[in-house]
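# Architecture and fold: a report
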Amino acid sequence: MDKAHIARYKPYYCELEEGKAYFWCSCGRSSKQPFCDGSHKGSNFLPIKYIAKDADEEVLFCGCKQTGDQPFCDGTHNNLLDTYALEELDNESAKLTNMITRNATNPIATLNNKCYVSNPADHELSTTGSLAWCVLISEQMGAQYQSQYYLQQAVGTSPIVSFGDSEIAMLVRAGKGEIVISGQAFQLSKHAGIYVKAGEAFCLITTSDKPLEIYATICPEGNGLRTLSAMPDNFDLTAVNRVVSIDEANAQSMGDRFFQILVGKEVGSKVLTEFIGDIPQSKAAMHRHLYEETLVILEGEGVMWTEDWKTKVVSGDIMFLPRKQIHSLECTSEKGMRLAGVIYPGDNPSINY
Ligand code: FES
């Protein structure tokens with residue numbers, strides 16, 4: 001046996017006891033997955049010992065045994081089959097799922113367990129100088145770690161905006177212009193990611209006749225949006241790359257899907273991970289994540305599913321997913337769907353269970 005056996009094509013969710021040692025099966029032959037039962041004897045494989053660090057620690061132990069991050073899942077299982085794990089649309093549970101229709105009187109579709117879908121076009125915008133904005137995701141609406149704002153700068157230069165000591169990951173939905181972060185200017189393009197470090201402030205400058213439209217995810221939520229009378233001179237020169245555009249060379253495959261990290265460790269964020277991705281016309285199998293996730297549909301249409309509810313999603317919609325909420329995002333557009341998301345805690349959007 002020189003290659004590990006694939007026990008299954010997804011990880012094992014386990015709740016661990018602090019200080020206890022666990023022996024993860026690396027050969028894939030154990031009948032007590034994900035743990036060793038001695039079946040590796042006589043092979044080149046040995047179990048991997050892991051001692052739980054925290055009380056109530058939750059982990060995803062690799063089930064495919066091909067991970068690069070033993071003993072944990074690193075998403076490798078997504079690339080072992082030709083396509084991402086998909087689901088038949090005519091199965092019995094899918095037929096029982098109720099459709100929620102959004103309209104002017106019901107602008108937010110609340111699915112199971114505080115998972116919800118809404119669109120900034122259905123929210124009343126507040127104005128601060130020339131900046132129009134609204135809150136799309138907040139603690140009040142069920143988020144634990146992140147909040148999300150929609151920002152719209154129609155013309156000229158916005159007021160100087162601060163979110164205090166929170167980290168910010170933004171995504172340009174539309175428009176052309178610049179962002180000035182604590183005195184440093186960066187050009188913006190459609191679907192670029194932007195990173196603003198804790199304590200810094202920024203202003204938006206629109207340079208075309210279409211408004212700059214931006215989704216800003218704030219972590220932690222903090223005290224919300226406030227404006228400053230002067231731009232602070234505290235740009236963190238240890239992290240100079242603040243605007244990241246789509247670059248096929250940096251795309252990572254996930255079955256027949258692709259994603260690229262825009263804001264993450266590479267640009268200096270220890271807190272937030274923002275990604276952009278393309279998915280083909282398909283419905284992913286129902287799955288969950290250990291991280292909280294906010295998603296924005298940038299192109300294409302589809303349906304967001306949870307256990308009992310589903311709702312149609314279109315370009316501009318945002319989706320909030322609490323940790324461990326079972327869900328599936330179906331893409332119904334022939335040309336596929338482009339979406340962006342922010343996850344916390346975690347740095348790998350391809351890990352699911
Ligand atoms: S189960 Fe092995 S990498 Fe995910």
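Residues numbered from 1 in each chain as written. Predicted model: local features only at pLDDT ≥ 70, side-chain atom pairs only at ≥ 80, totals over all residues. Heavy atoms only, no water.

### Focus on the overall build of the protein chain
Counting secondary structure elements, the protein chain contains 1 helix and 30 strands. Taking 353 residues into account, the globule formula puts the C-alpha radius of gyration at 20 Å, and the protein chain, at 22 Å, falls close to it. Considering only C-alpha atoms, the protein chain reaches an extent of 70 × 50 × 40 Å along its principal axes. Nonlocal contacts in the protein chain, meaning residues at least 24 apart in sequence, comprise 70% of its contacts between residues at least 6 apart. Here the protein chain has roughly 16300 Å² of accessible surface; of this, 48% comes from carbon and sulfur atoms. For the protein chain, the centre of its 31 positive side-chain charges and the centre of its 44 negative side-chain charges are spaced 5 Å apart. (Helix = DSSP H or I, 4+ residues; strand = E, 2+ residues; numbered from the N terminus. Rg over C-alpha atoms; globule rule 2.2 N^0.38 Å. Contact = heavy atoms within 4.5 Å. Areas by Shrake-Rupley, 256 points an atom, 1.4 Å probe, with all protein chains shown as cover. Lys, Arg positive; Asp, Glu negative; His and termini not counted. Charge placed at Lys NZ, Arg CZ, Asp CG, Glu CD.)

### A look at the domain arrangement of the protein chain
For the protein chain, the domain assignment lists domain 1 (1–80), domain 2 (95–101 + 246–344) and domain 3 (124–244). Taking only C-alpha atoms into account, the centre of domain 1 sits 27 Å from that of domain 2. On the side of domain 2, 6 residues touch domain 1, which itself brings 6 residues to the contact. Looking at the side of domain 1 facing domain 2, the largest losses of area belong to Glu58, Asn78 and Asn79, adding up to 75% of the total buried there. Remark: the boundary between domain 1 and domain 2 carries 2 salt bridges. Residues lysine 324 and glutamate 58 are paired through a salt bridge, measuring 2.3 Å at the closest nitrogen-oxygen approach. (Domains from an automatic or database assignment. Buried area = accessible area lost by both parts, 1.4 Å probe. Salt bridge = Lys/Arg side-chain N within 4 Å of Asp/Glu carboxyl O.)

### What about the sheet that holds strand β26 (residues 302–305)?
What the 5 strands build is an open sheet, ordered β5-β27-β26-β29-β24; its pairing is mixed. Two strands close off the open sheet at either side, each with one partner strand: β5 (98–100) and β24 (282–283). Where β24 meets strand β29 (residues 328–331), 2 bridges bridge the pair, whose relative direction is antiparallel. Residue pairing in the sheet places lysine 283 in a bridge with glutamate 330 of β29. (Pairing = 2+ DSSP bridges.)

### Considering the sheet that holds strand β21 (residues 252–254)
As summarised here, the arrangement of the 8 strands in space is β6-β7-β28-β25-β30-β23-β22-β21, forming an open sheet in which the pairing is antiparallel. Edge strands, defined here as strands with exactly one partner in the open sheet, are β6 (109–110) and β21. Here strand β25 (residues 292–299) runs beside strand β30 (residues 337–344); their pairing, made up of 7 bridges, is antiparallel. Bridge pairing in β30 places leucine 295 opposite glycine 341.

### Let's talk about the nonpolar core
By size, the foremost hydrophobic cluster in this structure holds 25 residues, and its most contacted members are Leu151, Met170, Ile179, Leu188, Ile194, Phe202 and Leu204. For this core, the elements supplying multiple residues, two or more each, are β9 (131–137), β10 (147–153), β13 (167–174), β14 (177–181), β15 (184–188), β16 (193–196), β17 (201–206) and β18 (212–219). Excluding its chain neighbours within four sequence positions, the residues that come into contact with leucine 151 are Leu131, Ala132, Trp133, Met170, Phe202, Leu204, Leu212, Glu213, Ile214, Ala216 and Leu225. (Core = buried A, V, L, I, M, F, W, Y, C linked by side-chain atoms within 4.5 Å. Buried < 20%, exposed > 50% of the residue type's maximum accessible area, 1.4 Å probe, protein only.)

### Notes on the environment of glutamate 266
Structurally, glutamate 266 can be placed in the loop between β22 (257–263) and β23 (273–279). It is 38 Å that separates the C-alpha atoms of glutamate 266 and histidine 40, two residues lying 226 residues apart in sequence.

### Overview of the side chain of threonine 294
Summarising the element assignment, threonine 294 is placed in strand β25. Setting aside residues no more than four positions away along its own chain, threonine 294 makes contact with Ile137, Gln146, Gln148, Thr217, Met319, Phe320, Ala340, Gly341 and Val342.

### With respect to a nonpolar patch on the surface
Where nonpolar side chains cluster on the molecular surface, the patch consists of Tyr9, Leu80 and Leu81 and spans about 250 Å² of accessible area. Positionally, leucine 81 belongs in the loop between β4 (57–61) and α1 (92–95). (Patch = residues over 30% accessible without salt bridge, like charges linked within 9 Å, V, L, I, M, F, W, Y side chains within 5 Å.)

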